[in-house]
Amino acid sequence: TDRWPDVGTFGNAFLAALGVSGETSTPSAAPRPTPVRVARVAFAVRLDVDVQAPHGVDHEELGDCLALLNERVCRTVEQHGGLTLGPFVGGATALFGVDPGEEVAAERAVDAALELQGVVHALGEDPSMPSGLALTARIGVASGALVVGLPDVAHGDLLTFAAELARAAGPAQVLVTSGVRRHVRGTYDGADLESGWRVVRKRPPARRLRPTALLGVDVALVGRLPELGELQGAWEAVVASGEAATV
């Protein structure tokens, strides 16, 4: 089914709140307002970057460094199929699952978060950067309904949740909400923290699939223990061999 419901009056009200009229005095010449879209389940990645600049650093040089960081952040988000929201000001927000038919938006969002963590670290270690410059990433990933209107304008509680997680994250940490974790269960290694679930790394392909897993959730089949044992043994043999096979 189409993930974009008929927003109707709600969409017009959203545009009105932004100060955009749905009517123009010269329809043939004036551009039409960007249609309002509603994603029932989208994912927001909030990247906060702590910048510790050495004393006496040239402000123009520091500005060039941040511009380079912005460029690499936008490129990384785009490579993972996301949309960067607004300019880079102390951090960035990226959206995934905005367009219909995105089946793996949650995984792409978490993959992007992990790569953004590496992008910030690599730039901080780059010898071409000013000596003493330290960059630290704190990232939060949240899911929820999202309203997207004009370019760089979006509304949804997931944006707030992602920002709160980013603020709660420790240096170089990626925290996700329980909703995001449910969508990617079994795909990543992580750890439970008081502030959220910390994603550590993506599991290798052989560890992401299990014969008794359904949508990442372990399930039990009643009365099929011999069959399951045989299937599990065959699976483990394939994993141990490292060769491609159909189990």
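What you see is a predicted model; the values in this text were computed from it and never measured.

A. Quick look at the overall build of the chain. When you go through the chain residue by residue, the secondary structure sums to seven helices and ten strands. A sequence separation of at least 24 residues applies to 66% of the contacts in the chain between residues at least 6 apart. With the model as given, the accessible surface of the chain reaches about 14,300 Å², and the carbon-plus-sulfur share is 54%.

B. Geometry of the environment of Leu 83. Among the secondary structure elements, Leu 83 is positioned in strand E2 (residues 83-85). Residues Leu 83 and Phe 96, 13 residues apart in the sequence, show an inter-C-alpha distance of 6.6 Å.

C. Highlighting unusual backbone geometry. Positive phi values are uncommon outside glycine, yet Ala 172 reaches one of about 60°. Structurally, Ala 172 can be placed in the loop between helix H4 (157-168) and strand E6 (173-176).

D. The pattern of salt bridges, seen in detail. Scanning the entire structure with this criterion turns up eight salt bridges. Ionic pairing is found between Arg 75 and Glu 71, a salt bridge with its closest N-O pair at 2.9 Å. Here Glu 71 and Arg 75 lie together in helix H2 (residues 59-79), a separation of four residues that amounts to about one turn. Among the residues examined, Arg 75 registers a relative accessible area of 40% and is labelled partly exposed.

E. Region of the structure containing a negative patch on the surface. A cluster of acidic residues, Asp 58, Glu 60, Glu 61 and Asp 64, forms a negative patch at the surface. Its location among the elements puts Asp 64 in helix H2. Taking relative accessible area as the criterion, Asp 64 reaches 55% and is therefore assigned exposed.

F. Main features of the packing of H2 against helix H3 (residues 105-125). Contact geometry of H2 with H3 gives a least axis separation of 10 Å together with a crossing angle of 155°. Here H2 is positioned roughly antiparallel relative to H3, judged by the angle of their axes. Considering the relative orientation of H2 and H3, their crossing is right-handed. On H3, the residues touching Cys 65, Leu 68, Leu 69, Arg 72, Val 73, Thr 76, Val 77 and Gln 79 of H2 are Ala 112, Glu 115, Leu 116, Val 119, Val 120 and Leu 123. Here the contact of H2 with H3 is built from residues that sort into ten nonpolar, two polar and two charged.

G. Layout of the side chain of Thr 93. Within the fold, Thr 93 resides in strand E3 (residues 91-96). There is a polar contact of 3.0 Å between the side chain of Thr 93 and the side chain of Arg 46. With sequence-adjacent residues up to four places away left out, Thr 93 is seen in contact with Val 45, Arg 46, Leu 83, Thr 84, Leu 85 and Leu 159.

H. Spotlight on the confidence of the model for the chain. Mean pLDDT for the chain: 80, with 76% of residues reaching 70 or above. Note that pLDDT drops below 50 for residues 211-217; the model gives that stretch 13 contacts with residues more than four away or on any other chain.

I. Region of the structure containing the pairing of E6. Side-chain alternation along E6 places Gln 173 and Leu 175 on one buried face and Val 174 and Val 176 on a second face that is also buried. Pairing geometry for strand E4 (residues 134-148) and E6, over four bridges, is parallel. Paired with Ile 139 across the strands is Val 174, a residue of E6. Strand direction decides the pairing type here: E6 and strand E8 (residues 196-202), joined by two bridges, are antiparallel. Each bridged residue has a counterpart across the sheet, and for Val 176 the counterpart in E8 is Trp 197.

Reading guide: rules and limits
Residues numbered from 1 in each chain as written. Predicted model: local features only at pLDDT ≥ 70, side-chain atom pairs only at ≥ 80, totals over all residues. Heavy atoms only, no water. Helix = DSSP H or I, 4+ residues; strand = E, 2+ residues; numbered from the N terminus. Contact = heavy atoms within 4.5 Å. Areas by Shrake-Rupley, 256 points an atom, 1.4 Å probe, with all protein chains shown as cover. Salt bridge = Lys/Arg side-chain N within 4 Å of Asp/Glu carboxyl O. Buried < 20%, exposed > 50% of the residue type's maximum accessible area, 1.4 Å probe, protein only. Patch = residues over 30% accessible without salt bridge, like charges linked within 9 Å, V, L, I, M, F, W, Y side chains within 5 Å. Lys, Arg positive; Asp, Glu negative; His and termini not counted. Charge placed at Lys NZ, Arg CZ, Asp CG, Glu CD. Axes fitted to C-alpha atoms, helices over the stretch in contact; angles between N-to-C directions. Parallel < 35°, antiparallel > 145°, perpendicular 65-115°, else oblique. Left-handed = near helix turned anticlockwise from the far one by under 90°. Nonpolar A, V, L, I, M, F, W, Y, C, P; charged D, E, K, R; others polar. Polar contact = N/O pair within 3.5 Å; in protein donor to acceptor, adjacent residues only side chain to side chain. pLDDT = per-residue confidence, 0-100. Pairing = 2+ DSSP bridges.

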